[in-house]
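# Geometric and topological summary
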Amino acid sequence: MSSFLYYLLPAVGGYTLMSFYLLKNPHILHKKKKTAFYCTHISHRGGSGERIESTMEAFEHAVEVGTEMLELDCHMTCDGHVIISHDYNLLRQTGQDVNISDVNLEELPSYKERLEVTFYTGHFSTGLDRRFALLEDVFRMFPKVPINIEVKEENKELIEKVSALVKKFNRESITVWASVDSRIMKACRKVNSSMPYMFTEMRGLQLLLLYYTGLLPFIPLGESFLQFYLPRIFNRCVPRMSLLNNHVPPFCYRLTMRRSLFQHLRDRGIQIHLFVCNEDQDIEAAFAVGATGVMTDYPTLLSDYIRRAT
């Protein structure tokens, strides 16, 4: 036994030291990623706290107040149009219990006049524009603005149409594939591998495992973005969505919000976006832990914070 430990302990010690060194110096093994854009200000659903979510009015307002990236979700209507909507079923947004895929574009109902902000319980947004926007119209109006597109359904036709629009408007380098589902991400990557993409939920768990086992510095990463919830928002801002009996324990924050992990990713050219930060204290916490960008429902609030901080 003692002879076994004689060899094991130096091996473990050497591995630990090498892992730690490479964690701090990833350029030794990995070429730094170079994305076509770098953003600190991301508007969630176009800034759903200041205008009705995912409308053209919301996107225009967000860009006007200084957002550097728009976040949105896509679905397809019965007649094949790619529209921007977070939900597949429109009950929450419109009051009508219909699925997007069951209606034609001209049959889509209007948004409610007053819509609760999903990640800010008890707060509501209003706006003059209550129409669902077409992805094509957003691309046309904002040709140079980076856009994060979350695909929520494994629909080959939808993915192909999104990719075709991205290519049509020559914006592959500034449009990001996003999905929490690894199967959907695989389908997106199969259709268009030229677009940068984010970590899925499963890949995020794998990332944590690699980090805590010391293997991360040795492993190549294809993703260019890590997008993750700021854990503290659940208990205060969205109790109906909270975990573990309406309480996210402190260890979840300590487990995921690791400055050394985020620094390693930044050194490898991977951007870290934390969301959904709708108060100054959350924005401050996100940047303090190492986020390169913050996603918010309140683009004016974030712009004011960044302006004060610089």
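Along each chain, the written sequence defines residue order, and numbers are assigned to residues from 1. Restriction of local features to residues with pLDDT of at least 70 applies here, the model being predicted, together with a cutoff of 80 or more for giving and counting side-chain atom pairs; totals for whole chains, interfaces and linings are based on all residues. Where side-chain values are given, they derive from all heavy atoms of the structure, hydrogens and water being excluded.

- Identification of the chain as GP-PDE domain-containing protein from Electrophorus electricus is taken from an unreviewed UniProt entry.
- UniProt positions are given in the numbering used here, feature names are shortened, and annotations may be inferred rather than shown by experiment. We quote the UniProt Subcellular location (unreviewed entry) comment for the chain here in full: "Membrane".
- The heading Sequence similarities (unreviewed entry) in the UniProt record of the chain holds the text "Belongs to the glycerophosphoryl diester phosphodiesterase family."

## Observations regarding the packing of helix α5 (residues 156-168) against helix α6 (residues 182-191)
- Interaxial angles span 0 to 180 degrees and are taken between N-to-C directions of axes, which are lines fitted to C-alpha atoms, for helices over the stretch in contact. Each helix is a run of H or I in the DSSP string that is no shorter than four residues. Each strand is a run of E no shorter than two, and both are numbered from the N terminus. Orientation of α5 relative to α6, taken along the N-to-C sense of each, is 45°, at an axis distance of 10 Å. By the angle between their axes, α5 is oblique relative to α6. When you trace α5 past α6, the crossing you get is right-handed. For the pair formed by α5 and α6, the contact residues are Ile-159, Glu-160 and Ser-163 on the first element and Ile-184, Ala-187, Cys-188 and Val-191 on the second.
- Counted by class, the contact of α5 with α6 contains five nonpolar, one polar and one charged residues. An angle below 35 degrees is read as roughly parallel, one above 145 as roughly antiparallel, one from 65 to 115 as roughly perpendicular, and any other as oblique. Note: crossing handedness is left-handed where the near helix turns anticlockwise from the far helix by less than a right angle, and right-handed where it turns clockwise. Any two residues whose heavy atoms approach within 4.5 Å are treated as being in contact. Gly falls in the polar group here, along with every residue not listed as nonpolar (Ala, Val, Leu, Ile, Met, Phe, Trp, Tyr, Cys, Pro) or charged (Asp, Glu, Lys, Arg).

## Remarks on unusual backbone geometry
- Omega for the peptide link from Phe-275 to Val-276 comes to -10°, which places this bond in the cis form.
- Inspection of the secondary structure puts Val-276 in the loop between β9 (271-275) and α11 (280-289).
- Located in the positive-phi region is Ser-54, a residue other than glycine, with phi close to 60°.
- Note on exposure labels: buried denotes an accessible area under 20% of the residue type's maximum, exposed denotes more than 50%, and partly exposed covers the range between, all computed with a 1.4 Å probe on protein chains only. Residue classification places Ser-54 among the buried residues on the basis of a relative accessible area of 0%.
- A positive phi angle, close to 55°, is found at Asn-170, a residue other than glycine.
- Considering the arrangement of structural elements, one finds Asn-170 in the loop between α5 and β7 (175-178).

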